[in-house]
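One-letter residues, chain by chain:
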Amino acid sequence: MALYIFEAENLGQCSRVIEGLKLLDCDLLVKEKNEITPFESDMLVKVQIQASYEQVLKALAETKNSKTPFDTIRPLQ
(Lines give C-alpha, C1' and ligand atoms only; values in the text may rest on other atoms or scores of the structure.)
Protein backbone atom coordinates (compact mmCIF):
# COMPACT_ATOMS: atom_id res chain seq x y z
CA MET A 1 0.00 0.00 0.00
CA ALA A 2 1.17 3.50 -0.78
CA LEU A 3 0.27 6.81 0.83
CA TYR A 4 -0.42 9.89 -1.27
CA ILE A 5 -1.29 13.43 -0.25
CA PHE A 6 -3.04 16.05 -2.38
CA GLU A 7 -4.93 19.32 -2.14
CA ALA A 8 -8.53 19.83 -3.24
CA GLU A 9 -10.37 23.11 -3.79
CA ASN A 10 -13.59 21.89 -2.16
CA LEU A 11 -15.43 18.82 -0.92
CA GLY A 12 -16.98 18.14 -4.34
CA GLN A 13 -13.61 18.04 -6.05
CA CYS A 14 -12.24 15.85 -3.27
CA SER A 15 -15.14 13.41 -3.69
CA ARG A 16 -14.68 13.21 -7.48
CA VAL A 17 -10.95 12.50 -7.07
CA ILE A 18 -11.54 9.81 -4.45
CA GLU A 19 -14.17 8.13 -6.63
CA GLY A 20 -11.75 8.23 -9.58
CA LEU A 21 -9.00 6.67 -7.48
CA LYS A 22 -11.38 3.97 -6.24
CA LEU A 23 -11.45 2.68 -9.82
CA LEU A 24 -7.79 1.72 -9.25
CA ASP A 25 -8.32 0.22 -5.80
CA CYS A 26 -11.78 -0.29 -4.31
CA ASP A 27 -10.12 -0.63 -0.88
CA LEU A 28 -8.83 2.96 -0.97
CA LEU A 29 -8.65 4.40 2.53
CA VAL A 30 -8.88 8.11 3.34
CA LYS A 31 -6.38 8.51 6.19
CA GLU A 32 -6.80 12.26 6.78
CA LYS A 33 -8.89 15.12 5.45
CA ASN A 34 -8.03 18.57 6.86
CA GLU A 35 -8.99 22.13 5.98
CA ILE A 36 -5.98 24.16 4.86
CA THR A 37 -7.53 27.61 5.31
CA PRO A 38 -10.24 28.37 7.87
CA PHE A 39 -13.49 29.68 6.35
CA GLU A 40 -12.54 28.32 2.91
CA SER A 41 -13.07 24.92 1.40
CA ASP A 42 -9.41 24.15 0.62
CA MET A 43 -8.54 20.69 1.84
CA LEU A 44 -5.44 18.56 2.32
CA VAL A 45 -6.22 14.87 1.83
CA LYS A 46 -4.10 11.80 2.59
CA VAL A 47 -5.15 8.50 1.00
CA GLN A 48 -3.82 4.96 1.16
CA ILE A 49 -4.12 3.05 -2.09
CA GLN A 50 -2.62 0.02 -3.80
CA ALA A 51 -1.37 1.77 -6.95
CA SER A 52 1.82 3.19 -8.42
CA TYR A 53 2.39 6.93 -8.73
CA GLU A 54 2.01 6.66 -12.51
CA GLN A 55 -1.36 4.91 -12.14
CA VAL A 56 -2.56 7.58 -9.71
CA LEU A 57 -1.46 10.39 -12.06
CA LYS A 58 -3.26 8.76 -14.98
CA ALA A 59 -6.46 8.37 -12.95
CA LEU A 60 -6.29 12.03 -11.88
CA ALA A 61 -5.71 13.18 -15.45
CA GLU A 62 -8.91 11.38 -16.45
CA THR A 63 -10.99 12.71 -13.52
CA LYS A 64 -13.15 15.72 -14.31
CA ASN A 65 -12.02 19.05 -12.76
CA SER A 66 -9.02 17.56 -10.95
CA LYS A 67 -6.37 20.17 -11.86
CA THR A 68 -5.48 21.13 -8.26
CA PRO A 69 -5.18 17.51 -7.00
CA PHE A 70 -3.24 16.56 -10.15
CA ASP A 71 -0.80 19.45 -9.64
CA THR A 72 -0.30 18.80 -5.92
CA ILE A 73 -0.37 15.02 -5.47
CA ARG A 74 2.78 13.44 -4.12
CA PRO A 75 3.71 10.10 -2.55
CA LEU A 76 4.62 9.90 1.13
CA GLN A 77 7.29 7.65 2.56
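Just above, that's the structure.
Residues numbered from 1 in each chain as written. Predicted model: local features only at pLDDT ≥ 70, side-chain atom pairs only at ≥ 80, totals over all residues. Heavy atoms only, no water.

Points about the environment of Ile36
Thought 1: By secondary structure assignment, the location of Ile36 is in the loop between strand S2 (29–35) and strand S3 (43–49).
Thought 2: Between the alpha carbons of Ile36 and Lys22 there is a distance of 24 Å; along the sequence they are 14 residues apart.
Thought 3: Other than its neighbours up to four places away in sequence, Ile36 contacts Glu7, Asp42, Met43 and Leu44. (Helix = DSSP H or I, 4+ residues; strand = E, 2+ residues; numbered from the N terminus. Contact = heavy atoms within 4.5 Å.)

Regarding helix H1 (residues 11–22)
Thought 1: Here H1 contains 12 residues, and its C-alpha end-to-end distance of 16 Å stays within 8% of the 16 Å for a straight helix at 1.5 Å per residue.
Thought 2: Here H1 has its buried residues at Gln13, Cys14, Val17, Ile18, Gly20 and Leu21. Burial along H1 is one-sided: seen end-on, the buried residues are contained in an arc of 160 degrees.
Thought 3: On the buried face of H1, the contacting elements are strand S1 (2–8), S2, S3, helix H2 (53–62) and helix H3 (67–72).
Thought 4: In this structure Asn10 caps H1, since a side-chain oxygen of it lies 3.2 Å from the backbone nitrogen of Gly12. (Expected span 1.5 Å × (residues − 1). Buried < 20%, exposed > 50% of the residue type's maximum accessible area, 1.4 Å probe, protein only. Arc of directions from axis to C-beta. Polar contact = N/O pair within 3.5 Å; in protein donor to acceptor, adjacent residues only side chain to side chain.)

A word on the side chain of Thr72
Thought 1: Relative to the assigned elements, Thr72 resides in helix H3.
Thought 2: A distance of 2.9 Å separates a polar atom in the side chain of Thr72 from the backbone nitrogen of Glu7.
Thought 3: Sequence-distant contacts of Thr72, defined by excluding residues within four places in its chain, comprise Ile5, Phe6 and Glu7.

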